[in-house]
Amino acid sequence: MKLAILMPWLLLGLGRSTLSEASLLHAYNDIPGLSDLGRIFSLAGSESVPGVPPSRPSKASSYSPPPAHDFHRYKRQTQTTPADVRPTPEPTGASSASTTVHIIDEHDFALLMPDRAGELISDAESDGVAYCMPDSTDPACSRRVAEGFITGSAVTTANDGSYIQVTGCLDVSKSSLDPSDTGGQFDVRFPNGAQCSFGGYGASFIQLVEPAANRFCLRCCSSRDDQVNCNSHQDRAGCQTAIPGTYDFPSLGVTCSE
């Protein structure tokens, strides 16, 4: 008797007792392919059948897909948050030398900082002023930082000339900054009349000072509304995200990348 003839009769045994299944199997245990039928009974939920080796479930049969809401959660986690490229806000106030920063080289640049001792960077957005490096050649510099305040700096210029930047580390103890201050950002909006000489009044620039991390960064763009290179909406991102650059100076034994 062929397996195809027996199949309907054997399938009728599904859902019945184990005894009837076993009887059928023992009656035709010499028919080739019978072990496959044993697997059919096993997958149908019946108990093990004497004389028929138990089947092993395939990897696919042991897989339980996660609930639908898990797929939605995974999708949300893997989505990339698009960059905020809203237009740069317009400058505030008239151009002023006291709020103008510049970048010449690693030893000659200026940063906007609080003018009052202990004032937080975020609170100085309305009254911050420019401080130049001790050896700055800019005749307009009326305020200079103390020797040793900047412990390491590096200047980078974009290949297409779209921006220039200076990044580096500082020593808060050589200033009147609050060492616990996590920092803040200055840009074309704050303080009034703020600008970078690289692009001139109205051109995009961003500067962050992070006293608690002993870190600073300044990037000046050559044109207005450059939210690709000088994104003013990353004011809470920190230097290493807003202005990637050099924050480690092994030759000086200085680092502020942590």
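The rules behind the values
Residues numbered from 1 in each chain as written. Predicted model: local features only at pLDDT ≥ 70, side-chain atom pairs only at ≥ 80, totals over all residues. Heavy atoms only, no water. Helix = DSSP H or I, 4+ residues; strand = E, 2+ residues; numbered from the N terminus. Buried < 20%, exposed > 50% of the residue type's maximum accessible area, 1.4 Å probe, protein only. Contact = heavy atoms within 4.5 Å. Disulfide = S-S within 2.5 Å. Pairing = 2+ DSSP bridges. Axes fitted to C-alpha atoms, helices over the stretch in contact; angles between N-to-C directions. Phe/Tyr/Trp six-rings, centres within 6.5 Å; stacked < 30°, edge-to-face > 60°. Lys NZ or Arg CZ within 6 Å of the ring centre and 35° of its normal. Polar contact = N/O pair within 3.5 Å; in protein donor to acceptor, adjacent residues only side chain to side chain. Salt bridge = Lys/Arg side-chain N within 4 Å of Asp/Glu carboxyl O. pLDDT = per-residue confidence, 0-100. Core = buried A, V, L, I, M, F, W, Y, C linked by side-chain atoms within 4.5 Å.

1. Focus: the overall build of the protein
Line of reasoning, step 1. Tallying secondary structure elements over the protein gives 5 helices and 12 strands in all.
Line of reasoning, step 2. For the protein, with 258 residues in total, the buried portion stands at 40%.
Line of reasoning, step 3. Counting only contacts in the protein whose residues sit at least 6 apart along the sequence, the fraction spanning at least 24 positions is 63%.

2. Points about the state of the cysteines
Line of reasoning, step 1. Inspection of every chain in the model, using the stated rule, returns 5 disulfides.
Line of reasoning, step 2. Between cysteine 196 and cysteine 220 runs a disulfide, and the two sulfur atoms are separated by 2.1 Å. For the disulfide bridge between cysteine 196 and cysteine 220, the dihedral angle about the S-S bond is near 90°, and by the sign convention the bridge is right-handed. Of this pair, cysteine 196 sits in strand E8 (residues 195–196) while cysteine 220 sits in strand E10 (residues 215–221), and the two are 24 residues apart along the sequence.

3. Structural notes on the sheet that holds strand E4 (residues 129–132)
Line of reasoning, step 1. Spatially, 3 strands are ordered E2-E3-E4 in an open sheet, and the strand pairing comes out antiparallel. Edge positions in the sheet fall to strand E2 (103–105) and E4, since each has one partner strand and no second. When strand polarity is set aside, the average angle formed by the axes of neighbouring strands in this sheet is 35°.
Line of reasoning, step 2. Here E2 pairs with strand E3 (residues 108–113) via 2 bridges, running antiparallel. Residue pairing for E3: isoleucine 103 is matched across the bridge by phenylalanine 109.

4. Describing the packing of aromatic side chains
Line of reasoning, step 1. On inspection of all chains with the given rule, the structure shows 1 aromatic pair.
Line of reasoning, step 2. Both rings, one in phenylalanine 109 and one in phenylalanine 216, keep their centres 5.7 Å apart while their planes meet at 20°; by these two values the pair is stacked. Of this pair, phenylalanine 109 sits in strand E3 while phenylalanine 216 sits in strand E10, and the two are 107 residues apart along the sequence.
Line of reasoning, step 3. For phenylalanine 109, a relative accessible area of 0% translates into the label buried.
Line of reasoning, step 4. If you follow arginine 219 out to its NZ or CZ, it ends over the ring of tyrosine 163, 4.0 Å from the centre.

5. Remarks on the environment of arginine 116
Line of reasoning, step 1. Along the chain, the position of arginine 116 falls in the loop between E3 and E4.
Line of reasoning, step 2. Only 2.7 Å separates the side chain of arginine 116 from the side chain of glutamate 119, close enough to count as a polar contact.

6. What to know about the pattern of salt bridges
Note that side chains of opposite charge can pair when their charged atoms are close.
Line of reasoning, step 1. One pass over the structure, following the stated rule, counts 6 salt bridges.
Line of reasoning, step 2. Its salt-bridge partner being arginine 189, residue aspartate 187 comes within 2.8 Å of it at the nearest N-O pair.
Line of reasoning, step 3. Between arginine 215 and glutamate 210 there is a salt bridge; the shortest N-O distance is 2.8 Å. Each of the two residues, arginine 215 as well as glutamate 210, counts as buried.
Line of reasoning, step 4. A cluster of three or more residues bridged by salt bridges with shared partners is formed by Arg116, Glu119 and Asp127.

7. Some details on the confidence of the model for the protein
Any residue range with low pLDDT should be treated as having predicted coordinates unsuitable for detailed reading.
Line of reasoning, step 1. With 65% of its residues at a pLDDT of 70 or more, the protein shows a mean pLDDT of 77.
Line of reasoning, step 2. Below pLDDT 50 for its whole length, residues 1–28 participates in 34 contacts with residues either more than four positions away or in separate chains.
Line of reasoning, step 3. Contacts for the low-pLDDT stretch residues 57–82, under 50 throughout, to residues beyond four places or in other chains number 1 contact.

8. Describing the pairing of strand E5 (residues 150–157)
Within a regular strand, the side chains alternate between the two sheet faces.
Line of reasoning, step 1. For E5 and strand E6 (residues 163–170), the ladder comprises 7 bridges, and the chain directions are antiparallel. Directly across from threonine 156, in E6, lies its bridge partner glutamine 165.
Line of reasoning, step 2. Between E5 and E6, which pair antiparallel and follow one another directly, the connecting turn spans 5 residues, one of which, glycine 161, has a positive phi of 75°.

9. Some thoughts on the nonpolar core
Line of reasoning, step 1. Core analysis: the largest hydrophobic core is formed by 32 residues, its most contacted members being Phe109, Met113, Ile150, Phe205 and Leu218.
Line of reasoning, step 2. Those elements giving two or more residues to this core turn out to be E3, E4, E6, strand E9 (205–210) and E10.
Line of reasoning, step 3. Broken down by element, the residue count for this core peaks at 5 residues, all from E3.
Line of reasoning, step 4. In this structure, Cys169, Cys217, Cys230 and Cys239 belong to the second largest nonpolar core, which totals 16 residues.

10. Here's the deal with the side chain of threonine 99
Line of reasoning, step 1. Position of threonine 99 among the secondary structure elements: in the loop between helix H4 (68–78) and strand E1 (100–101).
Line of reasoning, step 2. Filtering out sequence-adjacent residues up to four positions away, threonine 99 remains in contact with Leu112, Gly128, Pro191, Asn192, Gly193, Ala194 and Gln195.

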